[in-house]
Amino acid sequence: MTVVDTHLDRRWEQFHTWGPYGLLGVGVVLALTTADPHAPPAKWYAAWILIAAAIALQLAWHSTRPRGPDRRRTPSRTGTAYYTVRWALAFGLTYLNPFFAFYAAAGYMDADETLPGRWHRLGLLASAVTVAGAQAGGVPFHGAVQWTVFAALLFANSGLQMVVAHLTEQEAQRARERNETITELERTNTALQQALDENAALHAQLLVQAREAGVADERRRLAAEIHDTIAQGLTGIIAQLQVVVNTPDRDQAREHTGRAMELARHSLGEARRSVHNLAPVALENDGLPEALKKTVAEWGERTGVRADFTVTGTAEQLHEEVSATLLRIVQEALSNAARHAHATRVGVTLSFLGDEVILDIRDDGTGFDPLTLPARTSAGGFGLDGMRARAERIAGSLTVESEPGHGTALSARVPLVRHDQ
C-alpha cells in the first residue's frame with residue numbers, strides 16, 4: 001500500500017468515526033434555531049433524552065472501534081445492533097424535528113461495514129425512509145400530496161443509494177482483485193529473482209566445469225601430440241642407434257647414425273611447434289596429401305617396409321585441424337605397424353568424397369583380436385583409443401578390422417571442412 005493510500009484510509013476512518021457526531025451536531029443546531037418556543041415541554045424532554053442517548057451510543061461505538069493500520073470493521077451482530085438502535089434514535093429525532101434527518105443520513109456512510117449481506121441494502125432503505133420523510137415535510141404526513149412527495153423522494157433517495165452502493169461494491173471488488181494481482185506479481189517476482197539467482201549460480205558452475213573440461217582436453221591433446229611426435233621420434237632414434245651398436249659395418253653405421261640425427265632434428269622441430277601451436281611440422285609448408293606422402297615414404301625408408309600412399313578423388317585444402325588429426329592418426333598407425341604388426345607391406349589411402357574425407361591404413365602383419373586388446377598402461381602408447389579420440393574430436397569416427405594372421409585395416413572417416421571455413 002502506498003503512502004497516498006494510507007493517508008486516504010486514515011481520512012476515511014476519521015470521517016467514519018467523527019461524522020455521526022458532526023451530523024448530530026448540525027441537526028441539534030438547526031433544530032434549536034427553528035424550534036417552536038411554544039412547543040410542549042414533553043417534546044423538549046423527549047428530544048434531549050434522544051440526543052443524550054445518541055451521544056452515548058456513539059461514544060460506546062467509538063470506544064469499540066479497532067485500532068491499528070487496518071481499522072475498517074467487518075459486519076457483525078454488534079454492528080447490526082448499533083445500526084438498528086441508531087436508526088431508531090434518528091427516526092425518533094426526525095419525527096420531533098425534520099432537521100435531525102442529517103443524523104439519519106449517517107446510515108448511508110457505514111452500512112457496508114456494520115450490516116451483513118442483504119441487510120446492507122435494507123439498512124440503506126431504512127435510512128432513506130427517514131431522510132425522505134424529513135424532506136417531504138416531516139412525519140406524520142397530512143394528505144395525499146405529502147405521501148406522493150414522500151414516495152417520490154424515497155424512490156430517488158433509495159435509488160441513488162442503491163446505485164452508489166453497487167458502484168462501491170464494484171470498486172471494492174476491483175480493489176480486492178488489484179491487491180490479489182499485486183500479491184501474485186510480488187510472488188512471481190520473488191520466484192523470478194530466485195530463478196535468476198539459481199541461473200547465475202548454474203552459469204558460474206558451468207563456466208568452471210567448461211574451464212576444467214577444456215584444461216583436461218588440452219592436457220589429453222598435448223599428451224597425444226607429445227606421444228605422436230617426440231616419443232615416436234625417440235623410438236626411431238633408439239632403433240637406429242641399436243643398429244649402429246650391433247653392426248661392424250662402418251658405412252652402415254654411418255647411414256643409421258645419419259638417420260638418427262635426421263629423426264632428432266625432426267623431433268626437435270615437432271617439439272618447438274608443439275610449444276607454439278601443436279601444429280605438425282610436416283603441414284607447415286605442404287597440404288595434407290603431400291605431407292602424408294612424405295611421412296609414409298620416410299617411414300618406409302626408415303623401417304625397410306614397403307609403404308604405398310594413394311590419393312583418390314579431387315584433393316582439397318583442408319582445415320588445419322582436420323589435416324593435423326589425419327596426419328597424427330597415420331603417424332600412430334605406422335608406429336603401431338612398426339612395433340607390433342611385423343608387416344612387410346603397408347598401404348595408406350586418402351579419399352576425398354564430397355562432404356567427407358576417408359583415411360584407410362592397411363598392413364599384412366600379424367593382426368590381432370580387437371576384442372582382447374589389453375588396457376593401455378602408463379608405459380604404453382595411445383594406440384587405437386588415442387586415434388579414435390582424435391577422430392571423434394572433429395566429429396569423425398574410426399573403425400578397426402583385424403584378426404590374428406590376416407593383418408589390420410584402419411579407417412578414419414571425418415567431415416570435409418575446407419581451409420577457408
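Everything that follows concerns the structure shown earlier in this document.
All figures in this text were calculated on a predicted structure; none of them were measured in a lab.

1. Description of a nonpolar patch on the surface
Part 1 of the reasoning: Taken together, the side chains of Val 26, Phe 99 and Phe 102 define a hydrophobic patch exposed on the protein surface, amounting to about 230 Å² of accessible area.
Part 2 of the reasoning: For Phe 102, a relative accessible area of 36% translates into the label partly exposed.

2. Some points on the sheet that holds strand β2 (residues 345-353)
Part 1 of the reasoning: The strand order across the open sheet formed by 5 strands is β1-β2-β3-β5-β4, and the pairing between neighbours is mixed. In this open sheet, the two strands that pair with only one neighbour each are β1 (306-312) and β4 (397-402). Each strand axis lies, on average, 10° off the axis of its neighbour in the sheet, ignoring direction.
Part 2 of the reasoning: Contacts from helix α10 (residues 320-341) reach β2, β3 (356-363) and β5 (408-415), with the element oriented near 10° to β3.
Part 3 of the reasoning: Strand contacts of helix α11 (residues 383-393): β4 and β5, with the helix running at about 145° to β4, the strand carrying the most contacts.

3. Details of the packing of α10 against α11
Part 1 of the reasoning: Running from N to C, α10 and α11 cross one another at 170°; their axes reach a closest spacing of 10 Å. One finds that α10 runs roughly antiparallel with respect to α11. Contacts from Thr 325, Arg 328, Ile 329, Glu 332, Ala 333 and Asn 336 of α10 reach α11 at Gly 383, Met 387, Arg 390 and Ala 391.
Part 2 of the reasoning: For the contact of α10 with α11, a count of residues per class yields 4 nonpolar, 3 polar and 3 charged.

4. Here we look at α10
Part 1 of the reasoning: Between its first and last C-alpha atoms α10 spans 30 Å; for 22 residues at 1.5 Å apiece the expected length is 32 Å, and the two agree.
Part 2 of the reasoning: α10 sits mainly inside the fold: 17 of its 22 residues count as buried.
Part 3 of the reasoning: Just beyond α10, the residue with positive phi is His 342, at close to 55°.

Cut-off values and rules
All residue numbers refer to positions counted from 1 along the written sequence of the respective chain. Owing to the predicted nature of the model, reporting of local features is limited to residues with pLDDT of at least 70; listing and counting of side-chain atom pairs is limited to 80 or more, with chain, interface and lining totals taken over all residues. The side-chain numbers reported here are obtained from all heavy atoms of the structure, hydrogens and water having been left aside. Patches were defined on residues exceeding 30% relative accessible area and lacking a salt bridge, with like-charge contacts within 9 Å and nonpolar side-chain contacts (Val, Leu, Ile, Met, Phe, Trp, Tyr) within 5 Å. Residue-level accessible areas treat just the shown protein chains as cover; the underlying method is Shrake-Rupley with a 1.4 Å probe. Whenever a carboxyl oxygen of Asp or Glu lies within 4 Å of a side-chain nitrogen of Lys or Arg, that contact is scored as a salt bridge. Buried means the residue's accessible area, taken with a 1.4 Å probe over protein chains only, is under 20% of the maximum for its type, while exposed means over 50%, and partly exposed covers the values in between. For two strands to count as paired, DSSP must find a minimum of two bridges between them. Numbered from the N terminus, helices here are DSSP runs of H or I no shorter than four residues, and strands are runs of E no shorter than two. Interaxial angle, 0 to 180 degrees, is taken between N-to-C directions of lines fitted to C-alpha atoms, where a helix line uses only the stretch in contact. The contact rule is simple, with two residues in contact once any of their heavy atoms fall within 4.5 Å. In what follows, roughly perpendicular refers to angles from 65 to 115 degrees, roughly parallel to angles under 35, roughly antiparallel to angles over 145, and oblique to any angle outside these ranges. Residues were grouped as follows: Ala, Val, Leu, Ile, Met, Phe, Trp, Tyr, Cys and Pro as nonpolar; Asp, Glu, Lys and Arg as charged; and all remaining residues, including Gly, as polar. How far a helix is expected to stretch is found by multiplying one less than its residue total by 1.5 Å.

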